[in-house]
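Coordinate inspection notes
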Amino acid sequence: MTTVPSASQWGSPTASRRALLIHGLNSSSHTFHRVASALAAKGYLVIAPNLLGHALRKPGVDFQVQTLADDLLPYLQTAEYDIVIGHSMGGLVVLSLLKYLPKTKPTSVVLIDTALEITAEEMVDWRVKFSGDVRNNPTAEDYMALNPLWTRGDAIWKVLGTQIGRSTNSDDHIDDNVPWSFSHLFADRPAAAALTVLIEDPRFNGALKPETVAKLKDVRAVIVPNASHWIQYEFPEVIVEEALRNIEE
């Protein structure tokens, strides 16, 4: 019998359509609470696993993205999904799972502001930023003050995702994924999969650069105006719209 990792679930178990949502670093499955609720309302059974080393789950044998992806293989072995979405590092996990998606069944794949290439020099600064939440221990009120588009629920889930994870999560995942270079994984996409990459507003100088996505073949790039890295909190409707667009086209 195949055992699947812990996950959150929205929608009816008897729904004919399925969506798999994968969270990012220092987060949890509930980062997708608004996206998942919207998809469930449209008739989807939504499954959002918790990654190894997150949400009280113990780490795997290492912190490599492929190890995180391999842990989620039971989900793809027991069901097929119409939609697969990944945020941030969760998008890298999705890329690592592309080779396991159905070859002929259409699948809508959406990556949410996933940093594909970070140089060693850039990573020095990003390491500080990634681990800042753990060091500074911001409250829900702090997050809401910094992010006016977030609801209180968004802020609470962000706090919980950080606090119930391991204090060294950021450094461990960075150290085990050197060099941080994942664009080559797009080559594993099955022909039947349609792939969209959502990018935060370039004014915020995020890790994912539009020019990086522009180099990829047959990938739809969408810059989301006024969005930070946390597009699922600020503009969940954009994620749902793009996911469904690939299904309907």
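Everything that follows concerns the structure shown earlier in this document.
Just so we're clear, the structure is a prediction, and the values are computed from it rather than from any experiment.

Here we take up the layout of surface pockets. Considering only enclosed or pocket space, the largest pocket measures out at about 820 Å³ in volume. Contributions of two or more residues to the lining of the largest pocket are made by helix H4 (89-97), helix H5 (120-136) and helix H6 (140-146). With five residues, H5 is the single largest residue contributor to the lining of the largest pocket. Here the lining of the largest pocket is built from residues that sort into 16 nonpolar, ten polar and six charged.

Attention shifts here to the packing of helix H1 (residues 33-41) against helix H11 (residues 236-248). Running from amino to carboxyl end, H1 crosses H11 at an angle of 45 degrees, the nearest separation of the two axes being 9 Å. In terms of their interaxial angle, H1 and H11 are classed as oblique. The two elements H1 and H11 cross, and the hand of that crossing is right-handed. Of the residues in H11, those touching H1 at Arg34, Val35, Ala38 and Leu39 are Pro236, Ile239, Val240 and Leu244.

Taking strand neighbours across the sheet as the criterion, the seven strands line up as E1-E3-E2-E4-E5-E8-E9 in an open arrangement whose pairing is mixed. Taken across any chain shown, the strands that pair with only one partner, and hence form the sheet edges, are strand E1 (7-10) and strand E9 (220-224). Going from strand to strand, the sheet's axes swing by 20 degrees on average, the running direction of each strand aside. With five bridges connecting them, strand E4 (residues 83-87) and strand E5 (residues 107-112) associate as parallel partners. The residue bridging valine 84 from the neighbouring strand is valine 109, located in E5. Where H4 meets the sheet, its contacts fall on strand E2 (17-22), E4, E5 and strand E8 (193-200), and the angle it forms with E4 comes to roughly 140 degrees.

Time to look at a nonpolar patch on the surface. Side chains of Leu56, Ile156, Leu160 and Ile164 sit close together on the surface and give an oily, nonpolar patch of about 350 Å² of accessible area. Checked against the element boundaries, leucine 160 lands in helix H7 (residues 152-163).

Under the defined criterion, the tally for this structure stands at six aromatic pairs. Considering the side-chain rings of tryptophan 150 and tryptophan 230, the 6.0 Å spacing of their centres and the 70 degrees angle between planes classify their relative orientation as edge-to-face. In this pair, tryptophan 150 is assigned in the loop between H6 and H7 and tryptophan 230 in the loop between E9 and helix H10 (231-234), connecting sequence segments 80 residues apart. Residue classification places tryptophan 150 among the buried residues on the basis of a relative accessible area of 6%. Among the aromatic residues, ring-to-ring pairing joins Tyr143, Trp150, Trp230 and Tyr233 into one connected group.

What follows concerns the environment of lysine 215. Along the chain, lysine 215 falls in the loop between helix H9 (210-214) and E9. The class of lysine 215 is exposed, set by a relative accessible area of 73%. Here the alpha-carbon distance between lysine 215 and serine 183, two residues 32 residues apart in the chain, equals 9.5 Å.

Bringing the nonpolar core into the picture now. Grouped together as the largest cluster of nonpolar side chains are 47 residues, with contacts concentrated most on Val93, Leu95, Phe186, Leu195 and Val197. Elements with a contribution of two residues or more to this core: E2, strand E3 (44-49), helix H2 (65-71), helix H3 (73-78), H4, E5, H5 and E8. In terms of residue count, H4 provides more of this core than any other element does, six residues in total. Counting residues in each nonpolar core, the second largest holds 25 residues, with Ala19, Val222, Ala227 and Ile239 among its members.

A separate point is H11. Under the 1.5 Å per step criterion, the end-to-end length of H11 is 18 Å for 13 residues, consistent within 8% with the ideal 18 Å. Within H11, the full set of buried residues consists of Pro236, Val238, Ile239, Val240, Glu242, Ala243, Leu244 and Asn246.

Cut-offs used in this document
- Residues numbered from 1 in each chain as written.
- Predicted model: local features only at pLDDT ≥ 70, side-chain atom pairs only at ≥ 80, totals over all residues.
- Heavy atoms only, no water.
- 1 Å grid on protein atoms, 1.4 Å probe; cavity = no way out; pocket = protein on both sides within 12 Å on 5 of 7 lines; lining within 4 Å.
- Points joined across faces, edges and corners; volume = space filled by probe spheres on them.
- Helix = DSSP H or I, 4+ residues; strand = E, 2+ residues; numbered from the N terminus.
- Nonpolar A, V, L, I, M, F, W, Y, C, P; charged D, E, K, R; others polar.
- Axes fitted to C-alpha atoms, helices over the stretch in contact; angles between N-to-C directions.
- Parallel < 35°, antiparallel > 145°, perpendicular 65-115°, else oblique.
- Left-handed = near helix turned anticlockwise from the far one by under 90°.
- Contact = heavy atoms within 4.5 Å.
- Pairing = 2+ DSSP bridges.
- Patch = residues over 30% accessible without salt bridge, like charges linked within 9 Å, V, L, I, M, F, W, Y side chains within 5 Å.
- Areas by Shrake-Rupley, 256 points an atom, 1.4 Å probe, with all protein chains shown as cover.
- Salt bridge = Lys/Arg side-chain N within 4 Å of Asp/Glu carboxyl O.
- Phe/Tyr/Trp six-rings, centres within 6.5 Å; stacked < 30°, edge-to-face > 60°.
- Buried < 20%, exposed > 50% of the residue type's maximum accessible area, 1.4 Å probe, protein only.
- Core = buried A, V, L, I, M, F, W, Y, C linked by side-chain atoms within 4.5 Å.
- Expected span 1.5 Å × (residues − 1).

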